[in-house]
Amino acid sequence: MSISLSSLILLPIWINMSQIQQGGPDEKEKTTALKDLLSRIDLDELMKKDEPPLDFPDTLEGFEYAFNEKGQLRHIKTGEPFVFNYREDLHRWNQKRYEALGEIITKYVYDLLEKDCNLKKIFIPVDATESEPKSFIFMSEDALTNPQKLMVLIHGSGVVRAGQWARKLIINEDLDSGTQIPFIKRAMDEGYGVIVLNPNENCIEVEKPKTHVQSSSDSSDEPVEKRERKDKVFKETKKRRDFYEKYRNPQREKEMMQLYIRENGSPEEHTVYVWDHFIAKSAAENVFFVAHSYGGLAFVELMIQREADVKSKVTAVALTDSVHNVWHQEAGKTIREWMRENCCNWVSSSEPLDTSVESMLPDCPRVSAGTDRHELTSWKSLPSIFRFFTEASEAKTSSLRPAGTRRSHRLKPEEL
């Protein structure tokens, strides 16, 4: 049986408490003091003393993993899927390892967008200076010049970045279900230009500057003896504090600070920025959005801020398990009416794909994505989304025909 270092540290305190509780009333104060001491001990921090170093590889090869021909992440020696609990009873260390792998996955997907999908990385803000924080999006060569169709992809919130729907799907299932690559490739095959947004890349992290701790003797006019006494106390206090910090956080993780990216400090800001500087200037007659989860909220916010422009340029919007709320976001009546006619939300449901699902909000039709897993809704609804866009294009074209030859622009779920 293994005993952790934290248990050995706490054991004497527990024994003391047991002995004190057997004493008389005079011992109650000691019991209270010990309980107070225990309440001040952060067990999560204490467990860090038992951790191996937080030193992880920076490549897939270093982790001894690779994607196979099916796009599945597998161990290069055993062929087994990714194992989260690499070290038993070290959840924090395992989580840090998972996060380190996730950062590698993000860069891997970026490379696929450029090399496999032939997209260009475009840095923003477009007028950024060399020294200021920057983000980026991805675009096809014809994104701004395609006269017919443009598809815009917006992922949800969290750790995902451009090109991803869900990191855990990429790691635990495959690239097709977890990335936007199947949407991008099919869109390009069907003649769409493509823009891939990066709404979670809102800031860069830099190491926090170290602050100078001023000693009590600095800039002091006190007598020498008094100043020396204070210096001695100051040094002893600092020594104890440094010892405790080393004990509390043996890994000495760096303190970081965030520098926000101008005009792209939130998913909503980012979406409006990309609209103003790219989508609104594109030549496409028909613009289509695919927005997952929080991406749907960002699209609704775009509509609120740029209603007339969006209505004139966007033909249809496919939402996948969107978390938007037209009441909380205070979307006006004209926006809600437009969404009812031009949007469809594929939601997580155990019902078959495209089955109508009742909605509590008066915004847009809701249909089943054919899965009850939130993270899979985009992947599972892909064929229906492309069919929805084709129907929307045809409906828009027919509305321009002479009276008597038009078909209704509204797309009912059963038409999908």
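Definitions and cut-offs
- Residues numbered from 1 in each chain as written.
- Predicted model: local features only at pLDDT ≥ 70, side-chain atom pairs only at ≥ 80, totals over all residues.
- Heavy atoms only, no water.
- Pairing = 2+ DSSP bridges.
- Helix = DSSP H or I, 4+ residues; strand = E, 2+ residues; numbered from the N terminus.
- Contact = heavy atoms within 4.5 Å.
- Axes fitted to C-alpha atoms, helices over the stretch in contact; angles between N-to-C directions.
- Left-handed = near helix turned anticlockwise from the far one by under 90°.
- Nonpolar A, V, L, I, M, F, W, Y, C, P; charged D, E, K, R; others polar.
- Phe/Tyr/Trp six-rings, centres within 6.5 Å; stacked < 30°, edge-to-face > 60°.
- Buried < 20%, exposed > 50% of the residue type's maximum accessible area, 1.4 Å probe, protein only.
- Salt bridge = Lys/Arg side-chain N within 4 Å of Asp/Glu carboxyl O.

- Going by what an unreviewed UniProt entry lists, the protein is known as ARB2 cotranscriptional regulator A and is assigned to Equus asinus.

## Here's the deal with the sheet that holds strand β5 (residues 149-154)
Thinking step 1. Here nine strands make up an open sheet; going across it, the order is β3-β4-β6-β5-β9-β10-β11-β13-β12 and the pairing mixed. Unpaired on one side and paired on the other, β3 (120-124) and β12 (356-357) mark the two borders of the sheet.
Thinking step 2. Contacts between helix α8 (residues 181-189) and the sheet are confined to β5, β6 (192-196) and β9 (286-292), with β6 contributing the most and set at about 155° to the helix.
Thinking step 3. Contacts between helix α11 (residues 294-305) and the sheet are confined to β5, β9 and β10 (314-320), with β9 contributing the most and set at about 135° to the helix.

## As for the packing of α8 against helix α15 (residues 382-399)
Thinking step 1. Viewed as axis vectors pointing N to C, α8 and α15 meet at an angle of 35°, and their least axial separation amounts to 11 Å. For the crossing formed where α8 meets α15, the hand is right-handed. Contact residues: α8 offers Pro182, Phe183, Arg186 and Ala187, while α15 offers Leu382, Pro383, Ile385 and Phe386.
Thinking step 2. A class-by-class count of the residues in the contact of α8 with α15 yields seven nonpolar, no polar and one charged.

## Some words on the packing of aromatic side chains
Thinking step 1. Enumeration according to the criterion identifies 19 aromatic pairs in this entry.
Thinking step 2. Ring centres 5.0 Å apart and planes at 75° place the aromatic pair Tyr110 and Phe136 in the edge-to-face group. Here the residue Tyr110 occupies a position in helix α5 (residues 91-115), and Phe136 occupies one in strand β4 (residues 135-139), the gap between them amounting to 26 residues.
Thinking step 3. With relative accessibility at 9%, the residue Tyr110 sits in the buried group.
Thinking step 4. Phe136 gets classed as buried once you look at its relative accessible area, which sits at 10%.

## Focus on the side chain of Asn94
Thinking step 1. Summarising the element assignment, Asn94 is placed in helix α5.
Thinking step 2. Its relative accessible area of 1% is what places Asn94 among the buried residues.

## Here we look at the pattern of salt bridges
Thinking step 1. By the definition in use, this model includes 15 salt bridges.
Thinking step 2. Here Glu103 makes a salt bridge to Arg167, at a shortest N to O gap of 3.5 Å. Placement of the pair is Glu103 in helix α5 and Arg167 in helix α6 (residues 167-172), with a sequence separation of 64 residues.
Thinking step 3. The partner of Glu263 in a salt bridge is Arg262, with the nearest N and O atoms 3.3 Å apart.
Thinking step 4. According to the relative accessible area criterion, Glu263 is partly exposed, its value standing at 42%.

## Let's talk about unusual backbone geometry
Thinking step 1. In the segment running from Ile124 into Pro125, the intervening peptide bond is cis, with an omega of -5°.
Thinking step 2. Of note in the backbone geometry, Ser293 takes a positive phi value of approximately 55° without being a glycine.
Thinking step 3. Residue position: Ser293 is located in the loop between β9 and α11.

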